[in-house]
Amino acid sequence: MSTEWTLESWKKFVADQQPNWTDEDLVQKVNTEISSYPPLVFAGEVRTLKQHLADATQGNGFLIQGGDCAETFNDFKADSIRDKLKILLQMSVVLTYGASCNVIKVGRIAGQFAKPRSSDTETRGEKTFPSYRGDAVNELEFSDISRQPNPKRLLRTYNQSAATLNLLRAFTLGGFADLNKVHLWNQEFIATSPQGKKYQKIATSIDDALKFMNAVGISSDKYASLRMAELYTSHEALLLGYEQALTRKDSISGDWYDCSAHFLWIGNRTRQIDGAHVEFLSGVKNPIGIKAGPSLTPDELVALAQKLNPENEFGRLTIISRMGAEKINDYLPQLVKRATSEKLNLLWICDPMHGNTYKTENGFKTRHFNTILDEIQQFFAIHQKLGTIPGGVHFELTGDNVTECLGGAQEISDNDLKERYETACDPRLNNEQSLELAFLITELLRNENA
Ligand code: PEP
Ligand code: CO
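Residues numbered from 1 in each chain as written. Chains lettered and ligands numbered in written order. Predicted model: local features only at pLDDT ≥ 70, side-chain atom pairs only at ≥ 80, totals over all residues. Heavy atoms only, no water.

J.: Is there a simple way to think about the coordination of the cobalt ion (ligand 2) in this case?
T.: Geometry reference: four tetrahedral donors at a metal, ideal angle 109.5 degrees. Six octahedral donors, ideal angles 90 or 180 degrees. Cys 69 (SG), His 354 (NE2), Glu 396 (OE) and Asp 426 (OD) make up the full set of protein donors to the cobalt ion (ligand 2), lying at 2.1 to 2.5 Å. For Asp 426, a relative accessible area of 10% gives the class buried. (Donors = N, O, S within 2.8 Å, 3.2 Å for Na, K, Ca; no water. Buried < 20%, exposed > 50% of the residue type's maximum accessible area, 1.4 Å probe, protein only.)

Right, dumping it as structure tokens:
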């Protein structure tokens, strides 16, 4: 089907993974209300991010995208937002310092409230209720009332996203992200760990460099890039009514931008070429990600690139490979090879989380640090072999000391999972595991450039 794109043209296509809202009038009312609210991000910022991604596509930069699998209304605290920013800043310092690369930081934050699910319903014992689809839709608690989709939650989604962004902007622009504060980003609970100590060393070297630069007149009060960090927001564009409500025409360029976040991605379950999600995102100018699991064929990749990036613009399209450590070698190379032969300008990044999830005997969904690392290493090796560019990573992580993923230097075991298993959806790397991965990726990047 080929029709002209409009704000509503997606409605003529099949939209998978939408909640079974019972009151469609209320959904409409809420989305109309949101469409009258201010945009959360601005077209100019989105264009700057796109330029950074274009640079990374050409080997000049590396993307770190990370945050919760699902943000929640409960975990809405300044400390928790600050700590997520801290870990992203720390990872970025480790990579910038260790591999001399320009790191683009994108949070799964300030809008990541809707989840695709493998089943419409969840059964426990005798009871079956609708599946949890993210706080934008219903509540995690397993009861009939909690699991009913409630469109009013979209208003809270907008408000919490706005407040989260407000705090992130204050932190990144207001001095907290100043390179002179690099020591402060190390959290107490990891300061004495091997990763924390390694980080501390880098922080001390940066301090020394800054003192030198200060002495020759280059200081953070004069140079904004030392004083401020750029952090961009992203989430899965799943609830199309909500995304439509925040899509605005830019007065400067006349183009449409989805102003719910800087970067939006299409999930592995909703990337059908003739589906509503692809249709909707084909009409906005934001940089777009596509999650690519083993079922994505080279032909589909080409068709998606043609529909989503007909002008083959650098920075527009990021392929987020999430194959799983056991499958990546069988499935990623054919996609990369085809993209190269079609001369598609794509940024390739690795999500080593979603293809490596399993349930332990105790019923916890988890992922093992070694398997995550294994997939990243294979991702780098594949690109090295094919002469293409490994452009970034995509993680589910948190700044807290949770116990959701196994392994890492703390050697989190099956038995430890119950201690601090706090995610509303998929297991996240904790602070120390995230930092450890940043150090390991630095080595991979150094080899790449050697
Ligand atoms: C996610 O990123 O949380 C997710 C659901 O991923 P995928 O679409 O790759 O399964
Ligand atoms: Co997830």
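J.: When you look at a nonpolar patch on the surface in this model, what are you seeing that I'm missing?
T.: Taken together, Phe 212, Val 216, Ile 218 and Tyr 223 make up a surface patch of nonpolar side chains, about 390 Å² in accessible area. Residue placement: Val 216 occurs in the loop between α6 (194-215) and α7 (224-227). (Patch = residues over 30% accessible without salt bridge, like charges linked within 9 Å, V, L, I, M, F, W, Y side chains within 5 Å. Areas by Shrake-Rupley, 256 points an atom, 1.4 Å probe, with all protein chains shown as cover. Salt bridge = Lys/Arg side-chain N within 4 Å of Asp/Glu carboxyl O. Helix = DSSP H or I, 4+ residues; strand = E, 2+ residues; numbered from the N terminus.)

J.: For this particular structure, what's the right way to read the nonpolar core?
T.: Side chains of nonpolar character tend, in soluble globular proteins, to be buried together. In terms of nonpolar packing, the biggest core is built from 108 residues, with Tyr 199, Leu 281, Trp 348, Ile 376, Phe 395, Leu 429 and Ile 441 touching the most fellow members. Among the elements that line this core, the one with the most residues is helix α3 (residues 78-99), at ten residues. Excluding residues that lie within four positions of it along the chain, Leu 281 makes contacts with Ala 237, Leu 264, Ile 266, Ile 288, Leu 308 and Arg 316. Judged by nonpolar contacts, the second largest core, of twelve residues, contains Leu 49, Leu 53, Val 106 and Trp 265. (Core = buried A, V, L, I, M, F, W, Y, C linked by side-chain atoms within 4.5 Å. Contact = heavy atoms within 4.5 Å.)

J.: Would you mind showing me how to read the site of ligand 1 here?
T.: Near ligand 1, the surroundings consist of Cys 69, Arg 108, Lys 115, Pro 116, Trp 265, Gly 267, Asn 268, Arg 269, Lys 291, Arg 322, His 354 and Glu 396. Here an oxygen atom of ligand 1 and a side-chain polar atom of Glu 396 are 3.1 Å apart. Relative to its unbound accessible surface of 300 Å², ligand 1 loses 97% to contact with the protein. The residue inventory of the shell around ligand 1, partitioned by class, reads three nonpolar, three polar and six charged. (Near = heavy atom within 4 Å. Polar contact = N/O pair within 3.5 Å; in protein donor to acceptor, adjacent residues only side chain to side chain. Nonpolar A, V, L, I, M, F, W, Y, C, P; charged D, E, K, R; others polar.)

J.: Explain helix α10 (residues 298-308) to me, please; I cannot follow it from the model alone.
T.: For α10, the complete set of buried residues consists of Pro 298, Leu 301, Val 302, Leu 304, Ala 305 and Leu 308. All buried residues of α10 lie within an arc of 160° about the axis, which places them on one face of the element. Among the exposed residues of α10, those oriented more than 90 degrees off its buried face are Asp 299 and Gln 306. Residues of α10 that are buried make contact with β8 (263-266), α9 (276-282), β9 (288-292), β10 (317-321), α11 (328-341) and β11 (347-350). (Arc of directions from axis to C-beta.)

Purely spatial values, then, with no claim about function.
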